[in-house]
Each structure stands twice: as C-alpha cells, then as structure tokens.
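The lines below spell out each chain.
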Amino acid sequence: MIFRTTPAPRRPLRKVRTTTALRPLRHRLDPARVEEIPFRAADGVRLGLTRVDTGDTGRPAVLLLHGHTASADMFLLPETRNLVDALLDDGYEPWLLDWRGSCRLPYNETGARYTYDDVALYDIPAAVTHIRERVGDRPLSVVAHCIGSLTLSLSMAAGLVPGLAGVVSQGVFLTPKLAGRTSLRMSVAAELLKTRIDHIPVDFRKVGLWSRYTPLFALASRGASCPDPTCQILHNSAWGTGASLFVHENLSETTHDRLAELLGPAPLWILPHLRRIELARSVVRWHDTDHRYRALPANALDAAARIDTPVLLLAGSENGLWLDSQRLCHEVLAHRQPQLDVRYTEIPGYGHLDTFLGRGAALDVFGHILDFLGERR
C-alpha cells in the first residue's frame, strides 16, 4: 500500500531587491528636463547619473554627491525649496550622482561588498570624466555631503579629479572625528553583530515587530521624544551609534515622514574601513596589498598638497555625528598646507543632514554655497 502525504507548505521567500535598476527619483521638475544617464563605474558596477537640462549649454556644471545610505533625492525634495532649485535659479547645470552607497541601489543590502576606496577610485572619477565629456571646457564644481565628501577628498588627494572649479564639503572632509561613545558603539556593534546581521534597517514597517532587528529599534527608542521608529534610529541613534543626524525641529513634517525613503539601511561590513578612518583622524586607504588601489594615497591628509581646488568646509554648529571635524580640518590644513585655498563656515542651529533637508536650508545654508561657487564660475 502506498501512503501519500501532503507536504507542509513552504514558507514564502523574503522578497529581496537584487536588480540594479534605480528607484525613480521624486521631484517636481518637468520630467522632460531630467535626463537619467545609463552609467557604470570602471569596475562594472551600475550607478546612477542624472542631469537636469536647463536648455542653456553655457552654464557652469555642479556635481552633487550624497552621503552613505542617502541618494540624489536629498537634493530634490519636492516639498521645499531644494538645492537643485537654488542652483537652477542661480544659473548652474546640476548633475547628480548616485554612487554605490545610494539607497536607490541595492548594494547596501544585497549587492557585492565594497569599501570607500571603490567610491574614491571608481565612482567619483568616472562621473567627473563623463560630465566633462558632456560640458567641455565649462567650469565644473562639486557639492558633497558626508561620506560623499570624505571619499571625494581621497579622490582629490590622489589627483584623480584635477581642475575642479570649487568644492563645497559638508559635514566631514579630510579629518573625520566622531564622539567617543559613537566610536565605541561602532566597534562593539561590528564585533557583536557581524555574524548575525549585515545591515541595520531604518524602516520598522518593512522588518516588522518579530524580527532580529527589533532590539536595535528598542535601543534607539530610549529617551527619544519622537514616537516614529525611523526617526528614533536616525535622529536618536544614527543606526545604533548613539549619534544624531539632524536637528529635529529643522525638518518639515513632510520631510520627516519621508525619512525611510530618503535614508536606507546602513551596511555593517563597511564599519572596519570607517573605524580605521576614524582612528587615524584621516581618510586612509583600506586596501594595502591590492595593486588596483595603488592610485590612492595610503593617507589622504598626508597627500593633501595635491589638492588643486578651492574648498569650502561647511558644517552645522549642532552636528551630532562628525562634531567639529570641519573646524579641525581647517586648522590642520592651515598649519600643514597653508598654500591651499580652504575656508570654513559654520551654520548656527543646524546639525548634519538638515543642512540640505531642513525646511529653512534655502535661507540659512544655500546662500553660502552659491556665494562660494559664484566666485569661481
């Protein structure tokens, strides 16, 4: 006699985003003016490059670089006057790069692992080369935020992006400095969690209550004044590090509700490189033996004499992540490389992300950027 049994139903597989197609940008521009350019880095990784067509081929170009886990969306907020609006009104042609740390791409969660060396060696130089092929001899400047700025400094110290008209660096540049507790938590988290999870999410709705991430959200909620779990893990904890990414009151309600869209999961496997950088108080190369990365200096601060571009170091006075890194950078460069054209501006009452996402950023922040770029157009 043959006994037939009904197999137990299989648990549905978790849907994981693996395609490298970019999530659509959100903006209020005429779609016909927004050119999404098929773009890959020299190592074959799919990236995103966007040009805003102004109809004027004589405008200076400005490349915008987001921070890690953010995206080009941070410069295009439709709910407020954003940096792209300000650049367009002031006569510039904006270009936006989604490098491999963008939340519009899947690499932080499911893609091949990378270090900041890859961004400095492949992503940023490739974008600059492509833009220059399109704009010819028109001036090209860069406005860079957080890790976008940090990796840009490594590219500049390597001489891979020479001849830029000007660079605005927001948050951190050559001399990263974290609070002691942030550095400690980063070290502990990297050791304790590396065998359990590979990234820290920000959207509690996606992971659910009964998940391995619940303790992280619970820890982030301690002492928080905002009931939103995404806000707690970003504003109150910065992905569990105990830092803060913005001044809460500076965000509009709409932007606050979009935080899970504007900032994505933070990969834990990037922490060893970030820890080495922070301990050195300089942007240092991760790959010491791989010949592919020999074009990058072992220590960007030691190679800062190669920087041939005027730099504006910008920071909020309440930066809860990188503290006074920009002031420190200005002081160090003034002492070690006095020939460089580097200035420092502090924005009172602003933190880190709100220098771009804040509802008053157009009034309080963007004028400093436009004044600096205007001197070099």
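Computed from a predicted model, the values in this text were never measured in an experiment.

Some words on the packing of helix H2 (residues 116–135) against helix H3 (residues 147–157)
Then, in step 1: Closest axis-to-axis distance for the H2/H3 pair is 9 Å, and the angle between their directions is 80°. On the basis of the axis angle, H2 is roughly perpendicular to H3. From H2, Tyr116, Asp117, Val119, Ala120, Ile124 and Pro125 reach across to H3, where they touch Ile147, Gly148, Thr151, Leu152, Leu154 and Ser155.
Then, in step 2: Its residues assigned to classes, the contact of H2 with H3 comprises eight nonpolar, three polar and one charged.

Thoughts on the sheet that holds strand E1 (residues 34–40)
Then, in step 1: What the eight strands build is an open sheet, ordered E1-E2-E4-E3-E5-E6-E9-E10; its pairing is mixed. Two strands close off the open sheet at either side, each with one partner strand: E1 and strand E10 (342–347). With strand direction ignored, the average angle separating the axes of adjacent strands in the sheet is 20°.
Then, in step 2: Inspection of the sheet shows strand E5 (residues 140–145) paired to strand E6 (residues 167–170) by four bridges, in the parallel sense. By the bridge assignment for E6, Ala144 is matched with Ser169.
Then, in step 3: Most of the contacts of helix H11 (residues 325–336) go to E10, to which it runs at about 160°, and overall it touches E6, strand E9 (311–316) and E10.
Then, in step 4: Packed onto the sheet, helix H14 (residues 366–374) meets strand E3 (61–65), E5, E6, E9 and E10 and runs at close to 175° relative to E9.

Describing the packing of aromatic side chains
Then, in step 1: Under the criterion given, the structure shown has three aromatic pairs.
Then, in step 2: A ring pair is formed by Phe75 and Phe356, whose centres lie 5.3 Å apart and whose planes are at 85°; its orientation type is edge-to-face. Note that Phe75 is positioned in the loop between E3 and helix H1 (83–89) and Phe356 in helix H12 (residues 354–357), a separation of 281 residues in sequence.
Then, in step 3: Here Arg376 stacks its cationic end above the ring of Phe372, 4.1 Å away from the centre of that ring.
Then, in step 4: Taking the ring centre of Tyr92 as reference, the NZ or CZ of Arg377 above it sits at 4.3 Å.

Topic: the pairing of E6
Then, in step 1: Burial of the side chains of E6 extends over both faces: Val167 and Ser169 are buried on one face and Val168 and Gln170 on the other.
Then, in step 2: Remark: the E5/H3/E6 crossover connection has right-handed handedness.
Then, in step 3: Where E6 meets E9, four bridges bridge the pair, whose relative direction is parallel. Bridge pairing links Val168 to Leu312 in E9.

Regarding the environment of Gly55
Then, in step 1: Mapping Gly55 onto the fold places it in the loop between strand E2 (46–52) and E3.
Then, in step 2: Sequence separation of Gly55 and Glu93 is 38 residues, and the distance between their C-alpha atoms is 9.3 Å.

Criteria and thresholds
- Residues numbered from 1 in each chain as written.
- Predicted model: local features only at pLDDT ≥ 70, side-chain atom pairs only at ≥ 80, totals over all residues.
- Heavy atoms only, no water.
- Axes fitted to C-alpha atoms, helices over the stretch in contact; angles between N-to-C directions.
- Helix = DSSP H or I, 4+ residues; strand = E, 2+ residues; numbered from the N terminus.
- Parallel < 35°, antiparallel > 145°, perpendicular 65-115°, else oblique.
- Contact = heavy atoms within 4.5 Å.
- Nonpolar A, V, L, I, M, F, W, Y, C, P; charged D, E, K, R; others polar.
- Pairing = 2+ DSSP bridges.
- Phe/Tyr/Trp six-rings, centres within 6.5 Å; stacked < 30°, edge-to-face > 60°.
- Lys NZ or Arg CZ within 6 Å of the ring centre and 35° of its normal.
- Buried < 20%, exposed > 50% of the residue type's maximum accessible area, 1.4 Å probe, protein only.
- Right-handed = clockwise from strand over helix to strand, strands pointing away.

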